[in-house]
Amino acid sequence: MNFGENMKRLREMEGITTAELAEIASVSQPMITKWETGQALPNVVAGALIAKRLGSTVEAMVSKNCD
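Residues numbered from 1 in each chain as written. Predicted model: local features only at pLDDT ≥ 70, side-chain atom pairs only at ≥ 80, totals over all residues. Heavy atoms only, no water.

Q: Sorry, what's going on with the nonpolar core here?
A: Residues M7, L21, I32, W35, I50, L54 and M61 are the most contacted members of the largest nonpolar core, which totals 14 residues. Listed by contribution, the elements that provide at least two residues to this core are helix 1 (3–14), helix 2 (18–25), helix 3 (29–36) and helix 4 (44–53). Ignoring anything within four residues of it in the chain, the contact list for L21 reads M7, R11, I16, I32 and I50. (Core = buried A, V, L, I, M, F, W, Y, C linked by side-chain atoms within 4.5 Å. Buried < 20%, exposed > 50% of the residue type's maximum accessible area, 1.4 Å probe, protein only. Helix = DSSP H or I, 4+ residues; strand = E, 2+ residues; numbered from the N terminus. Contact = heavy atoms within 4.5 Å.)

Written out as structure tokens, the structure reads:
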């Protein structure tokens, strides 16, 4: 799994919508979709905010198996 796949899986497990995650990261909802589909990656600050909200770390989310 890559960052986007891990982000989507954790987001769904937490019951968070892409709109809610976009608000947390101060980006647009389409940007969250781009991150989840691997079309782009978040900057360090947005990645850290997302990881924290999803109960993870950036390091774990970029690893193959984010548990």
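Next, the rest of the story.
Q: I'm lost on the side chain of T18 in this one. Help?
A: The topology assignment puts T18 in helix 2. Aside from chain neighbours lying at most four places away, what touches T18 is R11, Q29, I32 and E36.

Q: I would appreciate a short explanation of unusual backbone geometry in the present structure.
A: The bulk of non-glycine residues show a negative phi, and the bulk of peptide bonds are trans. Although it is not a glycine, S26 sits at a positive phi angle of roughly 60°. By the element assignment, S26 lies in the loop between helix 2 and helix 3. Owing to a relative accessible area of 68%, S26 belongs among the exposed residues under this scheme.

Q: Help me understand the packing of helix 2 against helix 4 in this model?
A: The relative placement of two packed helices is expressed as an angle between their axes plus a distance between the axes. Remark: helix 2 packs on helix 4, axes separated minimally by 9 Å, with the N-to-C direction vectors making an angle of 125°. In terms of orientation, helix 2 lies oblique with respect to helix 4. Judged by the twist between their axes, the crossing of helix 2 over helix 4 is right-handed. Each of L21, I24 and A25 in helix 2 lies in contact with helix 4, whose residues at this interface are A46, L49, I50 and R53. Classifying every residue of the contact of helix 2 with helix 4 gives six nonpolar, no polar and one charged. (Axes fitted to C-alpha atoms, helices over the stretch in contact; angles between N-to-C directions. Parallel < 35°, antiparallel > 145°, perpendicular 65-115°, else oblique. Left-handed = near helix turned anticlockwise from the far one by under 90°. Nonpolar A, V, L, I, M, F, W, Y, C, P; charged D, E, K, R; others polar.)

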